[in-house]
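Analysis of the macromolecular model
The lines below spell out each chain.
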Amino acid sequence: MKMPNFKRVAIALTALLLTATSASAKYEPTEDNLQARKEFRDMGFGVFLHWGLYSMLATGEWTMTNKNLNYHEYEKLAKGFYPAEFDAAKWVSAIKASGAKYICFTTRHHEGFSMFKTKYSKYNIVDGTPFKRDILKELADECHRQGIALHLYYSHLDWYREDYPWGRTGRGTGRPSAKGDWKSYYQFMNNQLTELLTNYGKIGAIWFDGWWDHNEDPNFDWQLPEQYALIHGLQPACLVGNNHHVTPFDGEDMQIFERDLPGENTAGLSGQDISRLPLETCETMNGMWGYKITDQNYKNKKTLVQYLVRAAGKNANLLMNIGPQPDGNLPEVAVSRLAEMGEWMKTYGETIYGCRAGIVAPHNWGVTTQKGNKLYVHILDLKDKGLFLPTGNKKIKSAVDFVTRRPVKMAKSGDGITLLLNEVPTEIDKVIELELK
Ligand code: GLC
């Protein structure tokens, strides 16, 4: 029997409406996810690890493109990758000693090499190198054993695969077709993400990077909503972050700032608005993400601690990067810096972990962090004994030196109070603890 026309139109219209609603359906994070966001912010401090074949070239993770290395020549590096000294337990212990609560590891960087066992490409640490060990598996097991969260960096762009459609970067690596094969590449990424979220236990976050490779092409569609839904379907509490340098998209659970604290934009990658999602700033311990043999310019303890504190005062976690050596060791200087940060964290961790930005906004002299009615005043750079705090009409019950527990004098002045210190502070961070009423 023939269906009347109006009925057919009605069915088509309903179908259209359904597709339209599902396509524009807003992401609703689960309870577990919301809890994970909070726990993530409470952690305050994480360590980033950029490790791949590029570490052998020892000039940073962009060498393949910076030097226009042919992808088939580059591929040969894999056959020589044998990080004999790699010891996940040693890494995790050194990182834990810094007070960091999570590790973010590059599972596949722009060079396209997978640092984990994947069924979807032979170009991986197990099938493509004489080392044959699944580094990610060893790292993940160790993180779970030692109780530190594991986040996974995953590059959207790829300078090696022929199916990845050419973007702004990596055009000189000899890959044949500008167009690539998006369908095949998208499927590949989703297959790998499924492996990452199935074979390595609980994953705290997927940390995307490389979206900007196509940001000059308004028609390029990364199909992020489906990819994010896949991640949340596999592990609802897994946070999705994307280092796209713009305001977060629907489906993301945290906001990333590269080499700048939120609201500052000195490196030119962080001009985006600040969202209400948990914030994270990533920065390098020397000047490069991947191992760079000529760069021994590691930041000192004071700079590292003060950056962590300033991040906390801007309501952001700090993700501090180290580039492991090709032999499998973390650079010695980096390990000693981790220990120094850990020493500081042992005393002051309470003023960072579980804290949010305090009621007094950041100033040149320092920042405040806050947990409940405890306001921690972090004095980082003050050439004076008096410090005015614009606390408005907030009543302050008491002020003590966080370390010595000795009372600190206060005087009501104007729109706040002035702390009257006994001497000009010389510590990396002099912390005064205020109790608010
Ligand atoms: C960048 C770089 C990259 C690095 C990342 C870390 O966007 O492309 O090499 O991994 O920042 O934030």
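One can find the structure itself at the top, above this paragraph.
Quick caveat: nothing in here was measured; it's all calculated off a predicted structure. (Residues numbered from 1 in each chain as written. Predicted model: local features only at pLDDT ≥ 70, side-chain atom pairs only at ≥ 80, totals over all residues. Heavy atoms only, no water.)

Moving on, we come to the side chain of Asp 429. Within the secondary structure, Asp 429 is located in the loop between strand S15 (416-420) and strand S16 (430-436). There is a polar contact of 2.7 Å between the side chain of Asp 429 and the side chain of His 378. Apart from residues lying up to four places away in sequence, Asp 429 is in contact with Val 309, Trp 344, Tyr 348, His 378, Ile 379 and Leu 380. (Helix = DSSP H or I, 4+ residues; strand = E, 2+ residues; numbered from the N terminus. Polar contact = N/O pair within 3.5 Å; in protein donor to acceptor, adjacent residues only side chain to side chain. Contact = heavy atoms within 4.5 Å.)

This model, assessed by the stated rule, comprises 30 aromatic pairs. Relative to Trp 212, the ring of Trp 62 lies with its centre 6.0 Å away and its plane at 20 degrees, an arrangement referred to as stacked. Residue Trp 62 is found in the loop between helix H3 (54-57) and helix H4 (63-66), and its partner Trp 212 is found in the loop between strand S4 (205-209) and helix H9 (224-234); the two are separated by 150 residues along the sequence. Owing to a relative accessible area of 8%, Trp 212 belongs among the buried residues under this scheme. Ring pairs connect the aromatic residues Tyr 164, Trp 182, Tyr 185, Tyr 186, Phe 188, Phe 220 and Trp 222, which therefore count as one cluster. Positioned above the aromatic ring of Tyr 353, the side-chain terminus of Lys 101 is 4.6 Å from the ring centre. Above the face of the Phe 188 ring, Arg 161 is positioned so that its terminal group lies 3.6 Å from the ring centre. (Phe/Tyr/Trp six-rings, centres within 6.5 Å; stacked < 30°, edge-to-face > 60°. Buried < 20%, exposed > 50% of the residue type's maximum accessible area, 1.4 Å probe, protein only. Lys NZ or Arg CZ within 6 Å of the ring centre and 35° of its normal.)

Another point: the site of the ligand. The full set close to the ligand counts 13 residues, and His 50, Glu 61, Trp 62, His 109 and His 110 are the nearest of them. Within the side chain of His 109, a nitrogen or oxygen atom sits 2.8 Å from an oxygen atom of the ligand. Take Asp 209: an N or O atom from its side chain is 3.2 Å from an oxygen atom of the ligand. In isolation the ligand exposes 310 Å². Once the protein is present, 96% of that is buried. Looking at the shell around the ligand residue by residue, the classes come out as six nonpolar, four polar and three charged. (Near = heavy atom within 4 Å. Areas by Shrake-Rupley, 256 points an atom, 1.4 Å probe, with all protein chains shown as cover. Nonpolar A, V, L, I, M, F, W, Y, C, P; charged D, E, K, R; others polar.)

A separate point is the packing of helix H6 (residues 88-96) against helix H7 (residues 135-146). It is the contact of H6 with H7, at a shortest axis distance of 9 Å, that shows an interaxial angle of 45 degrees. Put simply, H6 runs oblique to H7. As for how H6 packs across H7, the hand of that crossing is right-handed. Counting all contacts with H6, which are made through Ala 88, Ala 89, Trp 91, Val 92, Ser 93 and Lys 96, the residues of H7 involved are Glu 138, Leu 139, Glu 142, Cys 143 and Gln 146. (Axes fitted to C-alpha atoms, helices over the stretch in contact; angles between N-to-C directions. Parallel < 35°, antiparallel > 145°, perpendicular 65-115°, else oblique. Left-handed = near helix turned anticlockwise from the far one by under 90°.)

The values are spatial; any link to function lies outside them.
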